[in-house]
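Observations on the model geometry
Single-letter residue listing:
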Amino acid sequence: MIVSMCMTRELVTIGPHTPIAEVASLMARKRIRRLLVVEKRGNETHLLGIVSAKDILHAFPSNVNPFAVEAPALPQTPFNAGKIMNRWLQTTTPDTPIEDAAVLMRDQKIGALPVLHGKNLVGIITESDIFRAFVGLFEADEPGVRITFDVSKGEDVFGLVAEAAARHGVRVTSLLRTQQNDRPECVVRITGKAVDELVDELWRSGHPVLNV
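Okay, so let's go over this structure. (Residues numbered from 1 in each chain as written. Predicted model: local features only at pLDDT ≥ 70, side-chain atom pairs only at ≥ 80, totals over all residues. Heavy atoms only, no water.)

Let us look at the side chain of Ser-4. On the secondary structure map, Ser-4 appears in the segment before strand 1 (13-14). Sequence-distant contacts of Ser-4, defined by excluding residues within four places in its chain, comprise Arg-9 and Pro-94. (Helix = DSSP H or I, 4+ residues; strand = E, 2+ residues; numbered from the N terminus. Contact = heavy atoms within 4.5 Å.)

Below, the structure is given as structure tokens:
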């Protein structure tokens, strides 16, 4: 799964000269927490920065909630989007594996990554998009059982599960190898009648079953 499969393509953007009162009003109406600041250059949309809800709050007096009222009623400020936007952005590309984007967001403690194809802005991927993508990895479209068990580093997990499933006449509907506290684990979802027999075989083969 790559970023282009999960990112938001229909972007809400603003220009650098947009007054922050209008930015606040747009965020409130669209119920979004960040807006990309862009500039059109020919047929391309160039990313200049990003304005977050926190940036907006810091631009107003502490006793004013800019998201609680309509933009015309907000106090005048000398700022526009270009004055308060964050220019130093982490970005990603459409063909980046989604797990790499997730790791970058986790390590940098950020909630979104603009997606660039060359210099052209083509989308944004947020923590909500990442969450939906990973939920989809475990979501089942048919009844079955999910088994989590320990594996060894470098072990051929696919071969192990495929051979065991064939012996017991069950079908593998999804398989994921993951890492928890430096301990490799496998999460497999199967459907069929011989689930208990497969679990017993995993235990006997030295693969402790953590959850069924």
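Attention shifts here to the sheet that holds strand 9 (residues 209-211). Pairing in this open sheet of four strands is antiparallel, and the strands run 7-8-6-9 from one edge to the other. Each having just a single partner strand, strand 7 (171-180) and strand 9 make up the two edges of the open sheet. Going across the sheet, the axis of each strand differs from the next one's by a mean of 30 degrees, ignoring polarity. Examined bridge by bridge, strand 7 and strand 8 (residues 183-191) share nine bridges and lie antiparallel to one another. By the bridge assignment for strand 8, Gln-180 is matched with Arg-183. Here helix 6 (residues 157-168) sits on the sheet in contact with strand 6 (145-150), strand 7 and strand 8, set at roughly 145 degrees to strand 7. In this fold helix 7 (residues 195-204) packs onto strand 6, strand 8 and strand 9, with an angle of close to 5 degrees to the strand it touches most, strand 6. (Pairing = 2+ DSSP bridges. Axes fitted to C-alpha atoms, helices over the stretch in contact; angles between N-to-C directions.)

Further remarks concern helix 1 (residues 20-30). Along helix 1, the residues that are buried comprise Ile-20, Ala-21, Val-23, Ala-24, Ser-25, Leu-26 and Met-27. For helix 1, the elements touching its buried residues are strand 1, strand 2 (34-41), strand 3 (44-52), helix 2 (53-59) and helix 3 (81-84). Positive backbone phi, at 55 degrees, marks Arg-31, one or two positions downstream of helix 1. (Buried < 20%, exposed > 50% of the residue type's maximum accessible area, 1.4 Å probe, protein only.)

On to the pairing of strand 5 (residues 120-126), then. With six of seven residues buried, strand 5 is to be regarded as a mostly interior element. As defined by bridge partners, strand 4 (residues 112-117) adjoins strand 5 across six bridges and the pair is classed as antiparallel. Its bridge partner lying in strand 5, Leu-113 is registered against Ile-125. From the end of strand 4 to the start of strand 5, which pair antiparallel, there are two residues, and Gly-118 there has a positive phi angle of about 70 degrees.

So, about the packing of helix 6 against helix 7. Running from N to C, helix 6 and helix 7 cross one another at 135 degrees; their axes reach a closest spacing of 10 Å. Between helix 6 and helix 7, the interaxial angle falls into the category oblique. When the axes of helix 6 and helix 7 are compared, the crossing they make is right-handed. For the pair helix 6 and helix 7, contact is made by Ala-164, Ala-165, Arg-167 and His-168 and by Glu-197, Leu-198 and Glu-201, respectively. Classifying every residue of the contact of helix 6 with helix 7 by side-chain character gives three nonpolar, one polar and three charged. (Parallel < 35°, antiparallel > 145°, perpendicular 65-115°, else oblique. Left-handed = near helix turned anticlockwise from the far one by under 90°. Nonpolar A, V, L, I, M, F, W, Y, C, P; charged D, E, K, R; others polar.)

Moving on, we come to the layout of surface pockets. The computed volume of the largest pocket comes to approximately 520 Å³. Together, 18 residues line the largest pocket, and Glu-99, Phe-134, Leu-176, Arg-177 and Thr-178 are the ones closest to its centre. Those elements giving two or more residues to the lining of the largest pocket turn out to be helix 4 (98-108), helix 5 (127-138), strand 7 and strand 8. Per-element accounting of the lining of the largest pocket gives the leading share, six residues, to helix 4. In terms of residue class, the lining of the largest pocket is made up of nine nonpolar, four polar and five charged. (1 Å grid on protein atoms, 1.4 Å probe; cavity = no way out; pocket = protein on both sides within 12 Å on 5 of 7 lines; lining within 4 Å. Points joined across faces, edges and corners; volume = space filled by probe spheres on them.)

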